[in-house]
Amino acid sequence: RRYSLSADIVAEHKIRSRFQPETRFIYNGFHQADLYTDGVAKVLPEGQLQLTNGSRQSMGHAFFKKPFEFTSAESLSFSTHFVCALVPKPGSGGHGIAFVLSASIDLSHADATQYLGLFNISTQGNSSSHLVAVELDTALSAEFDDKNANHVGINVNSLFSIESASTAYFSDIKGKNESIELSSGDPIQVWVNYRGNMLNVSMAPLKNQKPSQPLLSSSIHLSENFPDRKIFIGFSGATGTLISYQYILGWSFSGNSVSLQRLDATKLPRVPPHK
Ligand SMILES: *[C@@H]1O[C@H](CO)[C@@H](O)[C@H](O)[C@H]1NC(C)=O
Ligand SMILES: *[C@@H]1O[C@H](CO)[C@@H](O)[C@H](O)[C@H]1NC(C)=O
Ligand SMILES: *[C@@H]1O[C@H](CO)[C@@H](O)[C@H](O)[C@H]1NC(C)=O
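- The chain appears in an unreviewed UniProt entry as Legume lectin domain-containing protein from Brassica oleracea var. oleracea.
- Under the Subcellular location (unreviewed entry) heading, UniProt states for the chain: "Cell membrane".

Below, the structure is given as structure tokens:
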């Protein structure tokens with residue numbers, strides 16, 4: 001069997017994990033992608049996944065249609081790599097985006113603004129939300145103890161992050177953290193890795209390799225949050241009075257210790273120009 005390079009979807013039972021369905025795909029641009037979208041989210045003609053479109057008080061979601069399944073807590077692991085770009089409207093900023101792991105594919109009852117399209121006032125902080133997110137937050141929401149208007153956080157059923165840091169990447173050349181401006185409009189790489197109950201988040205500018213050290217590393221028992229052993233994976237973006245255009249340019253995912261395919265920066269659609 002052969003798979004196309006731009007949309008390689010493999011979900012099959014392999015001998016070494018006979019009862020474990022595998023999820024693996026790579027999208028260098030989203031033309032061929034099998035996504036469920038709602039809100040203002042859509043795939044543009046050049047292949048960019050646009051989560052929000054510069055309108056106020058809006059949100060958009062995009063999920064891979066098939067849930068990622070796991071058979072036991074021990075076997076649950078995944079790696080993902082995506083490239084995003086957040087282009088603020090002049091003098092504005094947007095509220096940010098999130099990589100989402102959710103028991104439900106339907107987040108249409110969530111709220112925009114500081115709820116990031118993830119929760120509403122009644123699901124926020126509620127363990128029955130069954131939602132874990134890596135937020136790339138571009139607004140300071142004092143009510144959720146945000147540290148600044150440019151941070152990354154790991155969120156479990158809540159907008160209060162269990163771990164967060166100012167957006168940065170570890171530079172292996174300089175041996176120290178270098179800051180990243182999420183709202184620069186430039187493409188930014190993000191990796192999320194989960195294995196052995198550790199969730200790591202790493203970031204880097206588009207031209208860089210994956211840093212040897214993650215920005216965030218948190219102990220978390222993900223399987224406990226997904227008793228049905230099915231997880232929808234995708235993205236959420238939200239605006240409020242702060243507005244931006246929020247894009248995902250490419251996304252690779254691999255579940256249950258299948259190796260992750262590399263995104264090819266030269267094949268990604270460009271960030272659409274904005275005046
Ligand atoms: C919050 O979201 C839940 C789950 O989608 C929905 O049932 C509920 O009606 C929403 N509540 C509000 C106040 O919007
Ligand atoms: C880089 O930032 C992270 C998150 O704030 C921190 O845990 C880590 O110690 C920093 N690394 C260095 C080398 O300063
Ligand atoms: C997370 O990062 C730590 C520290 O660098 C590393 O020891 C661990 O193997 C990483 N785990 C994953 C799943 O990437």
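So much for the structure itself; the text now carries on.
### As for the overall build of the chain
Part 1 of the reasoning: Looking only at helices and strands, the chain has one helix and 18 strands in total.
Part 2 of the reasoning: In terms of overall dimensions, the chain is globule-like: its C-alpha atoms have a radius of gyration of 17 Å, near the 19 Å expected for 275 residues.
Part 3 of the reasoning: When its C-alpha atoms are laid out on the principal axes, the chain stretches across 55 × 40 × 40 Å.
Part 4 of the reasoning: The burial tally for the chain puts 55% of its 275 residues in the buried class.
Part 5 of the reasoning: Surface accessibility of the chain: about 12,200 Å² in total, with carbon and sulfur atoms responsible for 50%.
Part 6 of the reasoning: Of the side chains in the chain, 23 bear a positive and 23 a negative charge, and the two mean positions are spaced by 9 Å.

### Topic: the pairing of strand β5 (residues 59-64)
Part 1 of the reasoning: Of all six residues in β5, six are buried; the element is thus mostly enclosed.
Part 2 of the reasoning: Along β5, one buried face is formed by M59, H61 and F63 and the opposite face, lined by G60, A62 and F64, is buried too.
Part 3 of the reasoning: Sheet topology note: the strand β2 (residues 35-39)/β5 ladder contains five bridges and is antiparallel. Bridged to Y36 within β5 is F63.
Part 4 of the reasoning: Bridge count for β5 against strand β17 (residues 230-238) is five bridges, and the pairing is antiparallel. Within the sheet, the bridge partner assigned to F63 lies in β17 and is G234.

### Digging into the environment of Y194
Part 1 of the reasoning: For Y194, the position within the fold is in strand β14 (residues 188-195).
Part 2 of the reasoning: On the basis of relative accessibility, which here comes to 1%, the residue Y194 falls in the buried class.
Part 3 of the reasoning: For the pair Y194 and Y245, spaced 51 residues apart in sequence, the C-alpha to C-alpha distance is 29 Å.
Part 4 of the reasoning: Apart from the residues lying within four places of it in its own chain, the contact partners of Y194 are L76, S77, F78, L199, I220, H221, L222 and S223.
Part 5 of the reasoning: At a separation of 3.0 Å, a polar atom in the side chain of Y194 contacts the side chain of N197.

### Observations regarding the nonpolar core
Part 1 of the reasoning: Within the largest apolar cluster, 46 residues are counted, with the highest numbers of intra-cluster contacts made by F78, F99 and W251.
Part 2 of the reasoning: Residue contacts for F78: discarding those within four places in its chain leaves F68, F99, L101, V192, N193, Y194, L199, L222, F253, S254, G255 and N256.
Part 3 of the reasoning: By size, the runner-up hydrophobic cluster in this structure holds 14 residues, among which are F63, A98, F119 and A133.

### Brief notes about the site of ligand 2
Part 1 of the reasoning: The environment of ligand 2 is formed by A165, F170, N177 and L215.
Part 2 of the reasoning: Summarising the interface, the protein chains cover 45% of the accessible area of ligand 2, which totals 360 Å² for the free molecule.
Part 3 of the reasoning: For the shell around ligand 2, the residue count by class is three nonpolar, one polar and no charged.

### Side note on the layout of surface pockets
Part 1 of the reasoning: The space that makes up the largest pocket amounts to roughly 330 Å³.
Part 2 of the reasoning: Looking at the largest pocket, it is lined by 15 residues, and the ones nearest its centre are H81, Q189, W191, R262 and L263.
Part 3 of the reasoning: Contributions of two or more residues to the lining of the largest pocket are made by β7 (78-88) and β14.
Part 4 of the reasoning: Of the residues assigned to the lining of the largest pocket, the class counts are seven nonpolar, five polar and three charged.

### Quick notes on the pattern of salt bridges
Part 1 of the reasoning: Summed over all chains, the structure comprises five salt bridges.
Part 2 of the reasoning: In this structure, E46 and R270 form a salt bridge, with 3.0 Å as the shortest nitrogen-oxygen distance. Of this pair, E46 sits in the loop between β3 (42-43) and β4 (49-53) while R270 sits in the segment after β18 (244-255); the two residues are 224 residues apart in sequence, bridging distant segments of the chain.
Part 3 of the reasoning: Using a relative accessible area of 47% as the deciding quantity, one classes R270 as partly exposed.
Part 4 of the reasoning: Here K267 and D264 are joined by a salt bridge, their closest N and O atoms 3.9 Å apart.
Part 5 of the reasoning: K267 gets classed as partly exposed once you look at its relative accessible area, which sits at 43%.

Criteria and thresholds
- Residues numbered from 1 in each chain as written.
- Chains lettered and ligands numbered in written order.
- Predicted model: local features only at pLDDT ≥ 70, side-chain atom pairs only at ≥ 80, totals over all residues.
- Heavy atoms only, no water.
- UniProt positions renumbered as here; feature names shortened; annotations may be inferred.
- Helix = DSSP H or I, 4+ residues; strand = E, 2+ residues; numbered from the N terminus.
- Rg over C-alpha atoms; globule rule 2.2 N^0.38 Å.
- Buried < 20%, exposed > 50% of the residue type's maximum accessible area, 1.4 Å probe, protein only.
- Areas by Shrake-Rupley, 256 points an atom, 1.4 Å probe, with all protein chains shown as cover.
- Lys, Arg positive; Asp, Glu negative; His and termini not counted.
- Charge placed at Lys NZ, Arg CZ, Asp CG, Glu CD.
- Pairing = 2+ DSSP bridges.
- Contact = heavy atoms within 4.5 Å.
- Polar contact = N/O pair within 3.5 Å; in protein donor to acceptor, adjacent residues only side chain to side chain.
- Core = buried A, V, L, I, M, F, W, Y, C linked by side-chain atoms within 4.5 Å.
- Near = heavy atom within 4 Å.
- Nonpolar A, V, L, I, M, F, W, Y, C, P; charged D, E, K, R; others polar.
- 1 Å grid on protein atoms, 1.4 Å probe; cavity = no way out; pocket = protein on both sides within 12 Å on 5 of 7 lines; lining within 4 Å.
- Points joined across faces, edges and corners; volume = space filled by probe spheres on them.
- Salt bridge = Lys/Arg side-chain N within 4 Å of Asp/Glu carboxyl O.

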